[in-house]
Amino acid sequence: MNLSTVNWLMIAVAIAAGAPIAKEAVTKLRMRQFSIALLVVLASIGAVLIGEAWEAAVVTVLYVLGGWLESRTLARTRSALRELVDAMPRTARVRRGDDIVEVSAYEVVRGDIVVVRPGDLVPVDGEVVAGSASLDTSSVTGESMPMEAGVGARVTSGSVSLGGYLEIRAEQVGADTTFSRLIYLVAEAGEQKPKVQRTLDRFAQWYTPSVISASVLVYLISRDMHLALAFLVIACPGALVAAAPVAMIAGLGSSARRGVLIKGGERLERIAGIDTVAFDKTGTLTLGRPRVVAVDAFEGSTPQQVLAAAASAELRSEHHLASAILARAEADGVDPLPAHDWDLRPGQGVVAVTEDGRQAAVGNTALMKALGAAVSPEQLAAVESREAEGETAALVSLAGRAIGLIGIADEPRPDAAMAITALRDAGIDRIVMLTGDNRRAALHIGAVLGIHSDHIRAGLMPDEKVGAIRDLQATGARVAMVGDGINDAPALATADVSIAMGASATRAAMEAADIALMSNNLMRIPHAMSHSRRILRVVRQNVALAVGVVVFLLAGVLAGRVHLASGMAVHEASILAVTLNGMRLLKQPRRG
Amino acid sequence: MSDIRREMIILSGLNCPTCAAKLEKAVQSTPGVTEAKVVFGAGSLNVEYDAEVVSYEKIADVVSRMGMAVTARVPGSTSR
């Protein structure tokens with residue numbers, strides 16, 4: 001083969017690879033877009049004209065190859081989000097009269113009765129009104145253990161029925177379901193920019209125009225087509241712009257698939273800086289399913305009377321102790337007295353008026369004092385001895401007289417101690433417990449979980465939890481607060497980072513929190529924190545890499561060492577490198 | 001009358017960040033579109049539009065004219 005054959009061969013390669021690029025360039029030009037494809041075509045034509053056909057061949061082939069590799073790897077980094085989208089319910093079986101009709105999941109309206117058969121995706125958030133089934137909730141909560149759902153159970157969209165039959169009354173439908181919101185929040189989080197990215201964006205903004213003008217200037221001065229073209233190729237800040245977003249979406253998407261929604265942006269930097277984690281106790285460190293363990297009647301009353309009075313007062317209460325008292329009353333066959341005028345007193349208890357006009361109340365000694373119900377020293381001692389056992393002791397009064405005492409206990413979650421150890425291993429210096437419960441109950445749980453008594457603050461009203469967080473911040477601590485998102489909303493809002501648990505049940509918490517755990521698995525907290533740090537680390541690596549490549553290319557071009565083909569190769573390689581690096585975040589080291 | 005809808009449109013072919021910025025501008029300048037945001041990382045176009053003025057098909061058309069394709073649609077909540 002002589003030189004001209006090689007030359008013609010190179011031109012043929014350039015035309016074959018360049019044709020689709022030219023087509024792309026023309027399409028975009030019609031849309032009045034000055035595209036990279038156009039740049040490549042112009043550069044290639046220029047290269048052929050100055051007798052460097054091989055360069056045209058290399059540039060076009062690299063562009064096609066690079067584009068293909070990029071789209072493949074980009075699709076991979078986006079796969080976590082795609083999998084969530086693919087797991088979205090598309091259709092629903094709805095009961096219409098006697099018929100069951102299949103409709104689009106977006107046509108279901110609130111109040112519809114939705115039928116779920118084995119293998120079906122639950123298309124709505126709602127309450128089970130008939131049947132029972134085993135549900136795989138993993139695509140929402142990340143938990144692999146199936147959930148047994150029966151009448152009265154709340155189910156979320158995106159769960160899969162493994163067997164059984166369910167009829168669900170739709171409460172949240174279509175775009176308003178937990179699952180739909182989750183997908184939106186993940187995509188929105190991916191769009192939030194961490195500080196490091198915002199700095200980079202400012203850099204990229206002036207980078208491209210200045211390099212393009214530099215290339216024109218270089219040509220005008222030197223008349224060196226080569227140099228000018230090399231400048232143009234490196235003017236595209238591909239890796240600079242892609243560096244952070246690809247890593248963010250891979251990281252945030254993969255944790256969302258595991259039931260941990262991390263909101264992106266500068267929150268990542270805040271999460272990485274956390275040195276103190278404050279936990280709410282009830283429902284967070286504990287199961288939040290308090291059981292009545294004792295009903296003590298004071299002189300002149302019976303346990304049944306105590307329970308009946310307590311149940312009447314708690315009938316309309318949302319308080320976590322209410323369900324325990326009502327459950328015990330039901331189990332013991334004690335009917336609450338019909339009542340009205342319920343009055344919830346935060347931090348004290350609840351008061352109501354029974355049908356026969358007597359005042360029934362359940363609460364702490366402060367409430368009894370406020371109501372003028374005398375509590376004798378012996379009765380106080382009974383309260384204290386229950387509290388010493390880690391129980392919550394609620395005094396019950398009827399018609400202004402203390403008639404008894406109900407002991408309620410809540411157990412720590414099985415994974416709580418492990419999660420606290422893992423947080424300490426992850427470099428969290430201080431674990432704090434904030435609770436509205438009494439100090440003895442708090443110390444009892446703290447001792448079981450290994451939380452130092454100096455770091456336990458008990459008897460706090462919701463606004464005092466805010467104060468407790470502020471106190472910690474005043475000592476220079478950067479505090480993450482873990483809570484259920486309802487009672488703890490003010491404290492969560494005050495903390496540097498808010499972590500809401502069981503967010504699949506509380507939409508507001510899911511929207512507001514910096515980190516939302518879709519399940520109640522406490523081990524997800526250390527995972528979320530270390531995963532956030534990994535995301536930030538990869539983002540920073542990518543930014544450093546992208547900036548490094550740009551500096552290297554600029555220097556190379558100026559030194560006359562980097563030409564069109566090698567510049568293009570390095571450029572494509574750097575985009576690939578940041579994408580591949582981002583892809584690492586799809587895998588999460590799983591412990592526990 | 002207006003019928004505001006939100007939608008997340010998952011795209012294929014969104015491979016360069018500059019294309020993302022251009023698609024965003026093109027969709028934003030489509031009459032009836034009140035908000036458009038292309039999220040490069042996610043590969044999605046988040047759009048809010050008045051269905052009385054512009055149809056989803058019209059938006060999808062803009063997407064395909066920019067050399068990209070729609071692979072999935074996620075209707076969004078209109079109550080924000």
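These numbers come from a predicted model, not from an experiment.

Residues and elements named next belong to chain B. In this model, chain B carries a mean pLDDT of 86, and residues with pLDDT of at least 70 account for 95%. The lowest-confidence element of chain B is helix 1 (residues 17-28), averaging 85 in pLDDT; the highest-confidence one is helix 2 (residues 56-65), averaging 92. This complex was scored by the predictor with a pTM of 0.73 and an ipTM of 0.84.

A few words now on the sheet that holds strand 18 (residues 479-483) of chain A. All names here are of chain A. Taken in spatial order, the seven strands line up as 8-20-19-18-9-16-17 in an open sheet, and their pairing is mixed. Single-partner strands in this sheet number two, and they are strand 8 (260-262) and strand 17 (456-457). Sheet topology note: the strand 16 (residues 430-434)/strand 17 ladder contains two bridges and is parallel. Of the residues in strand 17, the one forming a bridge with leucine 434 is arginine 457. Relative to strand 18, helix 18 (residues 462-474) is tilted by about 155°, and along the sheet it contacts strand 9 (276-280), strand 16, strand 17 and strand 18. The strands that helix 21 (residues 524-558) touches are strand 8, strand 18, strand 19 (497-500) and strand 20 (515-517); relative to strand 8, the one it contacts most, it runs at about 35°.

In this section: the nonpolar core. Val59, Val186, Leu261, Ala278, Met481 and Ile499 of chain A together with Leu23 of chain B are the most contacted members of the largest nonpolar core, which totals 152 residues. Among all residues touching methionine 481 of chain A, those that are not within four sequence positions of it are Ala278, Ile469, Asp488, Ala491, Leu492, Ala495, Ser498 and Ile499 of chain A. Listed in part, the 39 residues of the second largest apolar core include Leu315, Val362, Leu398 and Ile403 of chain A.

Residues and elements named next belong to chain A. With respect to the helices, strands and loops of the structure, leucine 398 is situated in strand 14 (residues 392-398). Along the chain, leucine 398 and valine 362 lie 36 residues apart, while their C-alpha atoms are 9.1 Å from each other. When near neighbours in sequence (up to four residues on either side) are disregarded, leucine 398 contacts Ala309, Arg358, Ala360 and Ile403.

Before going further, it helps to spend a moment on the interface of chain B and chain A. Quoted interface sizes are often the accessible area lost when the parts come together. Across the boundary between the two partners, chain B contributes 22 residues, which contact 32 residues of chain A. Mapped by element, the contributors of at least two residues to the side of chain B that touches chain A are strand 1 (4-12), helix 1, strand 2 (33-39), strand 3 (44-50) and strand 4 (69-76) of chain B. Counting residues per element, the side of chain B that touches chain A draws most heavily on strand 4 of chain B, at four residues. Here the side of chain B that touches chain A is built from residues that sort into eleven nonpolar, eight polar and three charged.

Glancing now at the environment of glycine 548 of chain A. All names here are of chain A. Within the element layout of this structure, glycine 548 appears in helix 21. Taking the C-beta count within 10 Å as the criterion, glycine 548 has 12 such neighbours and is therefore assigned exposed. On a C-alpha basis, the gap between glycine 548 and glutamate 127 in space is 55 Å, while along the polypeptide they are 421 residues apart.

All names here are of chain A. With respect to topology, six strands assemble into an open sheet ordered 10-15-14-13-12-11, the strand pairing being antiparallel. The strands lining the two open edges of the sheet, one partner per strand, are strand 10 (291-297) and strand 11 (339-345). Strand-to-strand twist of the sheet, defined as the mean angle between neighbouring strand axes without regard to direction, takes the value 20°. The pairing of strand 11 with strand 12 (residues 349-354) spans five bridges and is antiparallel.

Next up on the list: the packing of helix 21 of chain A against helix 22 (residues 564-583) of chain A. Two quantities define a packed helix pair, namely the angle between the helix axes and the distance between the axes. Residues and elements named next belong to chain A. At their nearest, the axes of helix 21 and helix 22 sit 9 Å apart, and the two run at 175° to each other. Here helix 21 is positioned roughly antiparallel relative to helix 22, judged by the angle of their axes. Across from Val538, Gln541, Asn542, Leu545, Ala546, Val549, Leu553 and Val557 in helix 21, the residues of helix 22 making contact are Gly567, Val570, Ser574, Ala577, Val578, Asn581 and Gly582. Residues belonging to the contact of helix 21 with helix 22 are distributed by class as follows: nine nonpolar, six polar and no charged.

The next thing to look at is helix 6 (residues 178-191) of chain A. All names here are of chain A. Taking 1.5 Å as the rise per residue, helix 6 with 14 residues should run 20 Å; its terminal C-alpha atoms sit 20 Å apart, in good agreement. Across the 14 residues that make up helix 6, a large majority, twelve, are buried. Turning to helix 6, its buried residues number three or more, namely Thr178, Phe179, Ser180, Arg181, Leu182, Ile183, Leu185, Val186, Ala187, Ala189, Gly190 and Glu191.

Turning next to the pairing of strand 14 of chain A. Residue and element names in this part refer to chain A. With respect to burial, strand 14 is a largely interior element, seven of its seven residues being buried. Side chains of strand 14 alternate between two faces, with Thr392, Ala394, Val396 and Leu398 and Ala393, Leu395 and Ser397 buried alike. When strand 14 meets strand 15 (residues 401-409), the two strands line up antiparallel, connected through seven bridges. Counted as the bridge partner of leucine 398 is arginine 401 from strand 15. Between the antiparallel neighbours strand 14 and strand 15 lie two residues, among them alanine 399 with a positive phi of about 50°.

Below, the discussion takes up the packing of helix 4 (residues 79-86) of chain A against helix 6 of chain A. Residue and element names in this part refer to chain A. Where helix 4 contacts helix 6, the two axes come as close as 10 Å, and the packing angle between them is 160°. Looking at the two axes, helix 4 sits roughly antiparallel to helix 6. At the point where helix 4 passes helix 6, the crossing takes the left-handed sense. In this structure, helix 4 uses Leu81, Leu84 and Val85 to contact helix 6, whose residues at the interface are Ile183, Val186 and Ala187.

Here we take up unusual backbone geometry. All names here are of chain A. Even without being a glycine, aspartate 341 presents a positive backbone phi close to 55°. Assignment of secondary structure puts aspartate 341 in strand 11. Using a count of 10 C-beta atoms within 10 Å as the deciding quantity, one classes aspartate 341 as exposed. Residues other than glycine seldom take positive phi values, yet alanine 399 does so here, at roughly 50°. Its location among the elements puts alanine 399 in the loop between strand 14 and strand 15. Among the residues examined, alanine 399 registers 14 C-beta atoms within 10 Å and is labelled partly exposed.

Conventions we followed
Residues numbered from 1 in each chain as written. Chains lettered and ligands numbered in written order. Predicted model: local features only at pLDDT ≥ 70, side-chain atom pairs only at ≥ 80, totals over all residues. pLDDT = per-residue confidence, 0-100. Helix = DSSP H or I, 4+ residues; strand = E, 2+ residues; numbered from the N terminus. Pairing = 2+ DSSP bridges. Contact = placed C-beta atoms within 7 Å. Axes fitted to C-alpha atoms, helices over the stretch in contact; angles between N-to-C directions. Core = buried A, V, L, I, M, F, W, Y, C linked by C-beta atoms within 7 Å. Buried ≥ 20, exposed ≤ 12 C-beta atoms within 10 Å, placed from the backbone. Nonpolar A, V, L, I, M, F, W, Y, C, P; charged D, E, K, R; others polar. Parallel < 35°, antiparallel > 145°, perpendicular 65-115°, else oblique. Expected span 1.5 Å × (residues − 1). Left-handed = near helix turned anticlockwise from the far one by under 90°.

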